[in-house]
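Listed here are the chains, written in short residue letters.
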Amino acid sequence: MNAVSQQGTRLRFRYAEVGKVRFISHRDLARLMERAFRQIGLPLAYSEGYRPRPRLSFGLALPTAASSDAEYVDVSVATTVDVDPLIDDLPHRLSAALPDGISVTAVAVLEPGAVSLQQVIASCTWRIELLDVAVDDAADRVQRIVAAPTLPLERERKGKLTTSDVRPAILDLELVGPTRNGVELEAHLATKPTSLRPAELVRLVGEGIGIGQVHRTHQWMIIDDIRSEPLAEASTCPPDASTRPTYELAS
Amino acid sequence: MTTVWPDLEPLLPSVQKPARYIGCEDGAAAKPPDPSLVSWLMTYPDTYEIGLPNQGLQILYEIANELDDARADRAYAPWTDLEAEMRAKGLPLFSVEHHTPADEFDILAFNLSAELTYTNLLNCVDLARVPVRVADRRPTDPLVIAGGHCTYNPEPLADFLDAVVLGDGEEVIAEITRVVREWKASGGEHGRDRDRTEVHLALAALEGVYVPALYDAEYDGPRLIATRPNRPGVPEVVEKRTVADLGDWPYPKNQLVPLTEVVHDRLSVEVFRGCTRGCRFCQAGMITRPVRERPADQVRSMVAKGLARSGYDEVSLTSLSTADFSGIDGVVKGITDDAAQTGCGPVTVALPSLRVDAFGVKLATQLNQARRAGLTFAPEAGTWRMRQIINKLIREEDLYEAVDAAYEAGWQRVKLYFLTGLPSETDLDTLGIAELAKNCVDLGKSKGKRSSVTVSVGGFVPKPFTPFQWFGQNTSDELQRKINLLRDDTRKSKGVQLKWHDPKATLAEGINSRGDRRIGRVIERVWRAGGTFQEWTEHFDLDRWTDAMAAEGLDIDWYVHRHRAEDEVLPWDHLSAGLHKDFLWQDWMDALDEVGLPDCRWTPCYDCGACTGYGIEHRVASATPPAGGSQGTAQDLGTGGAVPVQLLGTRPSTTEASA
């Protein structure tokens, strides 16, 4: 039994995560993704060491209870595998092995030396539902945040309470409109150098405001000042209307 | 049919591990709610992580969903954070598949694997909006039934359970379904005219089903005189059910693959049921006789299909003593060969209990090509004298040989399981535990290894239908004293880590283990005082139990610490696991005489009653014990050998006990 295999082709998958499965934690999602690759019989390259694991690397962890149209995972397949004849079927087969609500929408072969998702993601776009707040009130609050020159926020980072100015992390903030239970915002939040999470943004909007649905529509990378997605939803993806999320192309 | 999902969903972002409540697992049944079917809610009265892997529930869940006239969902006890939210919002217990309220099911079926989950059973019934007491239930309320090892003494829960299933559930589930279907049809519109006694009587007519309400317990002061049927036509003694051939039941076929981490997060394939090693403390070994092996080729195909379907890279071959499976080497080789063909990384084969000998270690070495974490052995007692008493006939040499082989094969950590508070245990026996552990560490040092030995000590709780059912459990003070002895003795021994089970929890377990119907009021008091999740250290509080015992005027010493006499009527005497009571008494006397008993799988029958009473037999592929010796430790008990064990001949079931 060969526990460690050479790293072969690297593949990037894009997937959506909506519905009940959004309550799966990031850590649990990684485990079930691993199982799904074994279910479809796609041999992955394994890490070396005491307990070899397949090499899977994700984009920015999705908070538990948030849904998304734009999740990414990079995998290295075993050198024994020729991916070319398989690749068109992979999104469909992988979706079938994953629970309802997780659907793979694109796959691509990565160039040798491609930078990891963790390094390359610079910002995310979110749809965030605020509960128990009137539209006018929410609009005022959003206006105040956008107009503020600085926004100091006390928060826990690496086990310590620190205060930092998070205004630079708010790249864009707009009120979309009312929902059944509250008001929806669209927020474009940086993940570096300063990051801001959706729950932290809601605290800035107002203490005591409840958070409803949180949905990630995009993860963005910025290369040479040009913003793009790590992998656009592919047109080669087999149409599967029942599981495909609605998705708006990035402008 | 309704769903609580719209009300539940907003609560989930703020509770711990919300994935426990969403269902969506691979293997979950998709049979939708349908009022024409008898609906089962298979419930584990502890958290999802503990309950989901339970094989008994999964087997019955799948079988129920295959029946034409039944369907089944699952439920687990919500953790305290969600429970508080649910109670505040008036949400009932729900099924994870369809989020259907629990009280819309016909049957709430509980698995009882541990006594300390009893208060959770009451809590789940209450959360289901069903009255906790059978006497208070309305015609339209679900039937509350239970199965699992603890149901061999269901008396503490007699007031709360409509019916109890003894033994294997594979066959009886269809019979219960039929009875309930007919009862449902009898009740007119909405079933309001149903009579619960009618269904109770019909259930009691099924073999293996015990209906507590149809029996009265009579007392003379604290003493139980008898538990007798209170109606004609109800059996005086309820016999357990036993599936004769495991090969007929290749379940689960679609093991549930959870989306969040659970305690046994791997494929499980049951390779045999029953055990005849005859360890006298072990209830599981006594009540599941005889041994029924699954055919080896079926094991191999269940493993191959299960791994491919689930995507797991680990499989556990479960039983009470898997190394004893006939031709285990070949089975293991077959599994690893099959796995290698898929090319999807190494597959680990786990054995839940390792035999204490070189054969066990050889097997483990073969299984764990990839990992060398730790190896676990269960000698159970510290001295040979004590191990003869408990009939776990492992010699010191066997243990050292096993540990030596483990170090040779690359393991550095060894875990040893022991019981303390065993019958006639002296401090020398207790300290023998430390002695064994230290010798194991030294053995590692002599090989130049940085070896470490973890000693895990549990307090012994006597269980019904075992030879030790007459033994007075050690007090928690005495257990603590023994643990302290061990702690002091091992304090300076580098390499020995001592872990122990809280003796206070052992006491609470003892109250329930051999309790009678009067303990039901104690359980209800503990539950009403907020004592749920008693298996969890952060929620366990012995004071709740002692306060409840005092409030009910019940004496803990009498229930827990008292030795029982041969002629005492036991609370489970009207139930039967097939074992003759005089066989158990004789085995108890032999224990006190330090006399061992061979494994009857490979030696002549001594008529414990489990086979003869039901007209069934062991089903084993090979009549030769692995690695010789009926106890599997290379000892040839058949010819006396080097080990001073007296062979007992076939004993007629009428033999009077002799000390």
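Along each chain, numbering runs from 1 in the same order as the chain's sequence is written. Note on labels: chains are lettered from A, ligands numbered from 1, in written order. With the structure being a predicted model, the display of local features is reserved for residues of pLDDT at least 70 and the display and counting of side-chain atom pairs for 80 or more, all residues being used for whole-chain, interface and lining totals. No hydrogens and no water enter the side-chain calculation; it runs on all heavy atoms of the structure.

Some thoughts on the overall build of chain A
- To qualify as a helix, a DSSP run of H or I must reach at least 4 residues; to qualify as a strand, a run of E must reach at least 2; elements of each kind are numbered from the N terminus. For chain A, the helix and strand inventory stands at 5 helices and 11 strands.
- A simple rule labels every residue: compare its accessible area, found with a 1.4 Å probe on the protein chains alone, to the largest value its type can have, and call it buried under 20%, exposed over 50%, or partly exposed in between. Every one of the 251 residues in chain A was classed for burial, and the buried ones make up 49%.
- Contacts: residue pairs with any heavy atoms within 4.5 Å of one another. Partitioning the intrachain contacts of chain A with sequence separation of at least 6 by distance along the chain shows that 73% fall at a separation of at least 24.
- Of the roughly 12,300 Å² that chain A leaves accessible, carbon and sulfur atoms contribute 50%. Per-residue and other accessible areas follow the Shrake-Rupley method at a 1.4 Å probe size, with only the shown protein chains counted as cover for residues.

Brief notes about the overall build of chain B
- If you tally the helices and strands in chain B, you get 20 helices and 19 strands.
- With C-alpha atoms as the basis for the radius of gyration, the globule rule is written as 2.2 Å multiplied by the number of residues raised to the power 0.38. Relative to a compact globule of 659 residues, whose C-alpha radius of gyration would be 26 Å, chain B shows 25 Å and is just as compact.
- With respect to the three principal axes, the spread of C-alpha positions in chain B is 75 × 65 × 50 Å.
- For chain B, the share of sequence-separated contacts (at least 6 apart) that also reach a separation of at least 24 residues comes to 77%.
- Here chain B contributes 71 positively and 97 negatively charged side chains, and the mean placements of these two sets differ by 4 Å. His is not counted, nor are the chain ends, whereas Lys and Arg count as positive and Asp and Glu as negative. Every charge is mapped onto a representative atom, which is NZ of Lys, CZ of Arg, CG of Asp or CD of Glu.

Structural notes on the domain arrangement of chain A
All names here are of chain A.
- For chain A, the domain assignment lists domain 1 (7-118) and domain 2 (120-228).
- Of note, the centres of domain 1 and domain 2, computed from C-alpha atoms alone, are 28 Å apart.
- Each partner contributes to the interface: domain 1 provides 19 residues, whereas domain 2 provides 13 residues.
- Where domain 1 abuts domain 2, roughly 1,200 Å² becomes buried across the two surfaces, and 47% of that area is made up of carbon and sulfur atoms.
- Any Lys or Arg side-chain nitrogen located within 4 Å of an Asp or Glu carboxyl oxygen qualifies as a salt bridge. Our enumeration of links across domain 1 and domain 2 arrives at 1 salt bridge.
- Across the pair E71 and R216 runs a salt bridge whose closest N-O atoms are separated by 3.0 Å.
- Any pair of N or O atoms that falls within 3.5 Å is considered a polar contact. Within protein, one atom must be able to donate a hydrogen and the other to accept it, and sequence-neighbouring residues count only if both atoms are side-chain atoms. One can count 13 residue pairs in polar contact (both at pLDDT 80 or more) joining domain 1 with domain 2.
- Here the element with the most residues in the side of domain 1 that touches domain 2 is strand β3 (residues 66-78); it accounts for 7 residues. The split into domains, and so the bounds of each, comes from an automatic or database assignment of domains. Note: buried area is the sum, over both parts, of the accessible area (probe 1.4 Å) each one loses when the two are combined.

Describing the confidence of the model for chain B
- In this model, chain B carries a mean pLDDT of 91, and residues with pLDDT of at least 70 account for 93%.
- Confidence of the predictor at the level of single residues is given by pLDDT, which spans 0 to 100. Ignoring residues within four places in sequence, the model shows residues 636-659 of chain B, a span with pLDDT below 50, making 47 contacts including any to other chains.

Details of the pattern of salt bridges
- One pass over the structure, following the stated rule, counts 73 salt bridges over all chains.
- Close ionic contact of E229 of chain A with R14 of chain A constitutes a salt bridge, the shortest N to O distance being 2.9 Å. Placement of the pair is E229 of chain A in the segment after β11 (226-228) and R14 of chain A in strand β1 (residues 7-17), with a sequence separation of 215 residues. Both residues of the pair, E229 of chain A and R14 of chain A, count as buried.
- With a closest N to O distance of 2.9 Å, R273 of chain B and E270 of chain B form a salt bridge.
- For R273 of chain B, a relative accessible area of 10% puts it in the buried group.
- It is possible to trace a salt-bridge network through shared partners that takes in R27, D28 and R31 of chain A together with E261 and D265 of chain B.

Observations regarding the sheet that holds strand β17 (residues 452-459) of chain B
Residue and element names in this part refer to chain B.
- Pairing within the open sheet is parallel, and its 4 strands lie in the order β15-β16-β17-β18. Only two strands of the sheet have a single partner each, and these edge strands are β15 (374-380) and β18 (496-500). On average, each strand axis in the sheet is tilted by 20° relative to the strand beside it, whichever way the strands run.
- In this description, strands pair whenever DSSP reports at least two bridges between them. Pairing geometry for strand β16 (residues 413-420) and β17, over 8 bridges, is parallel. Looking at the pairing, F418 lines up with V457 of β17. In this description, a line fitted to the C-alpha atoms serves as the axis of each element, helices being fitted only across the stretch in contact, and the angle between N-to-C directions of two axes falls anywhere from 0 to 180 degrees.

Describing the sheet that holds strand β3 (residues 107-111) of chain B
Residue and element names in this part refer to chain B.
- Reading across from one edge, β2-β1-β3-β4-β5-β6 is the order of the 6 strands in this open sheet, with mixed pairing throughout. Lying at the two open borders of the sheet, with one neighbouring strand each, are β2 (70-76) and β6 (209-210).
- Of the pairings in the sheet, the one linking strand β1 (residues 38-44) to β3 comprises 4 bridges and is parallel in character. Following the sheet pairing, M42 is matched in β3 by A109.
- In this fold helix α3 (residues 55-66) packs onto β1, β2 and β3, with an angle of close to 150° to the strand it touches most, β2.
- The strands touched by helix α6 (residues 172-186) within the sheet are β1, β2, β3, β4 (143-147), β5 (163-165) and β6, with β1 carrying the most contacts at an inclination of about 130°.

Some points on a negative patch on the surface
All names here are of chain B.
- A contiguous patch of negative charge, built from E396, E397, E401 and E435, is present on the exposed surface.
- The element contributing the most residues to the negative patch is helix α13 (residues 396-408), with 3 residues.
- By the secondary structure assignment, E435 is in helix α14 (residues 427-446). To count toward a patch, a residue needs a relative accessible area over 30% and no salt bridge; like charges are then connected within 9 Å, while nonpolar side chains (Val, Leu, Ile, Met, Phe, Trp, Tyr) are connected within 5 Å.

A short note on the pairing of β17 of chain B
Residue and element names in this part refer to chain B.
- In terms of burial, β17 is a largely internal element, 8 of the 8 residues being buried.
- Both faces of β17 are covered, namely the face carrying S452, T454, S456 and G458 and the face carrying V453, V455, V457 and G459.
- Call a crossover right-handed when, viewed with both strands pointing away from you, the route from the first strand across the helix to the second goes clockwise. In this fold, the crossover linking β16 to β17 by way of α14 has right-handed handedness.
- Remark: the β17/helix α15 (residues 476-490)/β18 crossover connection has right-handed handedness.

Focus: the state of the cysteines
Residue and element names in this part refer to chain B.
- Working definition: a disulfide is two cysteine sulfur atoms within 2.5 Å of each other. One pass over the full model with this rule turns up 0 disulfides over all chains.
- Cysteine C150 is unpaired, with the sulfur of C282 as its nearest cysteine sulfur at 13 Å.
- Accessibility expressed as a relative area gives 6% for C150, which makes it buried.
- Take C608: it sits in no disulfide, and the sulfur closest to it among the cysteines is that of C600, at 6.1 Å.
- The exposure class assigned to C608 is buried, which follows from its relative accessible area of 8%.

Quick notes on the environment of G148 of chain B
Residue and element names in this part refer to chain B.
- Structurally, the position occupied by G148 is in the loop between β4 and β5.
- Judged by its relative accessible area of 24%, G148 falls in the partly exposed class.
- Sequence separation between G148 and G345 is 197 residues; the distance between their C-alpha atoms is 36 Å.
- In contact with G148, not counting residues within four places along its chain, are N111, L112 and V165.

Here's the deal with the interface of chain A and chain B
- With 24 residues of chain A at the contact, the number on the chain B side is 35 residues.
- Connecting chain A to chain B are 6 salt bridges.
- The salt bridge partner of D265 of chain B is R31 of chain A, with a shortest N-O separation of 2.2 Å.
- Per-element tally for the side of chain A that touches chain B: the top contributor is helix α1 (residues 26-39) of chain A, with 7 residues.

Thoughts on the side chain of Q255 of chain B
- Here Q255 of chain B lies in the loop between β9 (238-239) and β10 (267-270).
- In terms of polar contacts, Q255 of chain B uses its side chain to reach the backbone amide nitrogen of S268 of chain B, at 2.8 Å.

As for the confidence of the model for chain A
- The predicted model of chain A averages 88 in pLDDT, with 90% of residues at 70 or higher.
- Long-range and interchain partners of residues 1-5 of chain A, a stretch whose pLDDT sits below 50, account for 12 contacts in this model, where long-range means more than four residues apart.

Remarks on helix α11 (residues 358-367) of chain B
- Within α11 of chain B, burial applies to F359, G360, V361, L363, A364 and L367 of chain B.
- Check the buried side of α11 of chain B and you find it contacts α10 (328-342), β14 (348-350), β15 and α13 of chain B.

Description of the packing of aromatic side chains
- The rule is short: rings of Phe, Tyr and Trp, with Trp giving its six-membered ring, pair when the centres are within 6.5 Å, and they are stacked under 30 degrees, edge-to-face over 60, tilted in between. This model, assessed by the stated rule, comprises 17 aromatic pairs over all chains.
- Consider the rings of F533 of chain B and W536 of chain B, whose centres lie 6.4 Å apart with planes at 85°: the pair is edge-to-face.
- With relative accessibility at 2%, the residue F533 of chain B sits in the buried group.
- Taking relative accessible area as the criterion, W536 of chain B reaches 24% and is therefore assigned partly exposed.
- Judged by centre distance (5.1 Å) and plane angle (80°), the rings of W558 of chain B and Y559 of chain B are edge-to-face.
- The exposure class assigned to Y559 of chain B is buried, which follows from its relative accessible area of 3%.
- Of the aromatic side chains, those joined through ring pairs into one cluster are F460, F468, F471 and W588 of chain B.
- Charge-over-ring placement is defined geometrically: NZ (Lys) or CZ (Arg) within 6 Å of the ring centre, and within 35 degrees of the ring normal. Directly above the ring of W220 of chain A sits R227 of chain A, whose terminal nitrogen or CZ lies 4.1 Å from the centroid.

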